[in-house]
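Structural description and commentary
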Amino acid sequence: ATYIDILITNTSIYRPTPSIASLVINMFKMREDVQAYHLGGMGCAFGVVGLNMVRDMLKAHPGKICLFVSSEVVTSAFYPGQRKEALVTNALFRMGGTASILTNNPAWRSRSKYQLQHCLRVHTGATDRAFSALNWEPDEEGINGCVITKTLPSEAASVLDKGVRKMTPRIMTWGQYAEAAVNYFQIGVARLSSGKLCTAPRPYQPDYTRCADYFLMHAGGYAILRGVQKGLRLPAEQMLPSFASLRDFGNTSSASTWYTWSYIESTVGVRKGQTVLQVGVGGGMKSGVAYWRALRDVRDSHPCWAHLGGKPLTEADLPRPISNEYKSIFDMPSTRTAAEQQQVIKATDAAPRVTYTDVDKA
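Residues numbered from 1 in each chain as written. Predicted model: local features only at pLDDT ≥ 70, side-chain atom pairs only at ≥ 80, totals over all residues. Heavy atoms only, no water.

Digging into the overall build of the chain
Within the chain, the regular secondary structure consists of 11 helices and 10 strands. Taken along its principal axes, the extent of the C-alpha atoms in the chain is 70 × 60 × 45 Å. Each of the 362 residues in the chain was classed as buried or not, and the buried ones make up 46%. Partitioning the contacts of the chain with sequence separation of at least 6, the portion at a separation of at least 24 is 75%. With an accessible surface of roughly 18,800 Å², the chain has 56% of that area assigned to carbon and sulfur atoms. (Helix = DSSP H or I, 4+ residues; strand = E, 2+ residues; numbered from the N terminus. Buried < 20%, exposed > 50% of the residue type's maximum accessible area, 1.4 Å probe, protein only. Contact = heavy atoms within 4.5 Å. Areas by Shrake-Rupley, 256 points an atom, 1.4 Å probe, with all protein chains shown as cover.)

Examining the pairing of strand β6 (residues 134–138)
Counting buried residues in β6 gives 4 out of 5 residues, a clear majority hidden from the surface. With 5 bridges joining them, β6 and strand β7 (residues 144–148) adopt antiparallel strand pairing. Its bridge partner lying in β7, E137 is registered against G145. (Pairing = 2+ DSSP bridges.)

Describing the pattern of salt bridges
Tallied over the full model, the rule gives 11 salt bridges. Here E265 and K113 are joined by a salt bridge, their closest N and O atoms 3.1 Å apart. Here E265, found in helix α9 (residues 256–267), pairs with K113, found in the loop between β4 (96–103) and β5 (114–123); they are 152 residues apart in sequence, far enough to count as distant. The partner of D161 in a salt bridge is R165, with the nearest N and O atoms 2.9 Å apart. Of this pair, D161 and R165 both sit in helix α5 (residues 152–171), 4 residues apart, which is roughly one turn of the helix. Relative accessible area serves as the criterion here: at 37%, D161 is assigned to the partly exposed category. Several salt bridges converge on common partners, so that one network encompasses D5, R31 and D33. (Salt bridge = Lys/Arg side-chain N within 4 Å of Asp/Glu carboxyl O.)

Concerning the pairing of strand β1 (residues 6–11)
Counting buried residues along β1, 6 of its 6 residues qualify, which places the element largely inside the surrounding structure. Because side chains alternate across β1, one face comprises the buried residues I6, I8 and N10, and the other comprises L7, T9 and T11, equally buried. Relative to strand β2 (residues 35–40), β1 runs parallel, the two sharing 6 bridges. Residue I8 lies in a different strand from β2, and its bridge partner there is Y37. Each parallel crossover has a hand, and for β1 linked through helix α1 (residues 20–28) to β2 it is right-handed. Bridge count for β1 against strand β3 (residues 65–72) is 5 bridges, and the pairing is parallel. Bridging across to β3, I8 finds its partner in F68. (Right-handed = clockwise from strand over helix to strand, strands pointing away.)

A few points about helix α7 (residues 222–232)
If you check which residues of α7 are buried, you get Y222, I224, L225, R226, V228, Q229 and L232. The elements touched by buried residues of α7 are α5, β8 (214–217) and α8 (236–249). The first or second residue beyond α7 is R233, which carries a positive phi of 55°.

Overview of the confidence of the model for the chain
The predicted coordinates should not be examined in detail at positions where pLDDT is low. Of the residues in the chain, 90% reach a pLDDT of 70 or more, and the chain-wide mean stands at 85. Below pLDDT 50 for its whole length, residues 329–336 participates in 8 contacts with residues either more than four positions away or in separate chains. Below a pLDDT of 50 lies the segment residues 351–362, which in the model reaches 17 contacts outside its immediate sequence neighbourhood of four places, other chains included. (pLDDT = per-residue confidence, 0-100.)

Here we look at the packing of α8 against α9
Relative orientation of the contacting elements α8 and α9 amounts to 110°, with a least axis distance of 9 Å. Considered as vectors, α8 and α9 are oriented roughly perpendicular to each other. Here α8 and α9 pass one another in a crossing that is right-handed. Between α8, through L240, P241, S242, A244, S245 and F249, and α9, the contact on the second element is made entirely by S256, Y259, T260, Y263 and I264. (Axes fitted to C-alpha atoms, helices over the stretch in contact; angles between N-to-C directions. Parallel < 35°, antiparallel > 145°, perpendicular 65-115°, else oblique. Left-handed = near helix turned anticlockwise from the far one by under 90°.)

Dropping the structure here:
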């Protein structure tokens with residue numbers, strides 16, 4: 001641990017004093033000049049969003065070595081009350097932790113598994129609807145809990161869509177660029193001719209299985225993963241690693257995509273030159289997207305997946321199917337007009353919420 005120059009740790013709900021970063025430094029007896037940062041309350045997205053911070057730190061301090069720790073401890077967030085929106089988190093979230101070493105030191109290249117090609121983040125917290133989709137707040141009896149609102153699936157889908165859209169042009173193949181150009185040309189012709197020469201095609205969406213070989217999606221829950229699968233049009237086999245992580249470990253918050261990555265390395269492995277798309281989403285709302293390329297063949301046996309004996313799961317091993325057509329209860333019915341949808345959104349935003357002020361008045 002003495003060669004670590006930068007330490008970045010995070011937990012969302014559990015924020016002890018001294019911090020997690022200090023606990024790590026004490027346990028592994030790190031150097032006195034290590035640059036340590038602990039971030040709390042960043043939600044499930046930080047496991048990917050935090051890579052932007054790691055990248056920037058290494059750019060500012062070239063040749064240094066960074067230890068990046070993503071974890072979640074949910075004991076302090078256990079909710080003993082009766083509010084349904086807060087009880088959901090008791091069943092969904094689990095404790096977990098991951099650690100990885102990142103560096104831009106050329107001397108470490110032969111030891112490195114992957115190279116970070118692209119990394120970005122999106123934050124939609126400027127809107128009240130996104131900001132209040134996931135909250136830590138008291139119920140009517142003053143008991144604190146993590147509240148998941150009904151707007152969370154739609155807001156998570158929105159911020160994920162924006163993050164993936166920003167990343168897409170950076171990872172498309174040359175063939176997909178050509179397909180997109182033809183699509184835009186046809187749309188332009190249809191508009192100029194008012195549909196006389198040709199009908200306008202649907203906006204272009206690439207086949208993401210041609211952009212990346214493996215997909216690490218935040219295992220936020222069955223509905224979240226099925227929504228991502230539907231939006232990106234991914235086959236069941238590409239989503240199975242994320243569902244395997246959800247099945248065996250639940251929602252481990254910022255560590256979830258790293259559990260999925262370790263599943264892939266432990267069961268099927270990654271070959272040199274293959275690419276990995278890592279996508280995280282969390283309260284606020286924010287999303288992070290990272291794109292990696294394998295520098296060598298990787299097949300490691302991680303302790304958390306030792307119980308599988310190196311054998312990948314099949315869809316039959318999952319508690320629910322993932323290859324059937326999926327329609328969420330949050331999907332807009334085809335009979336609902338745009339005006340009716342706006343009324344639903346306004347009614348949701350106007351719903352009474354419990355605040356500290358309300359509890360004090362009570």
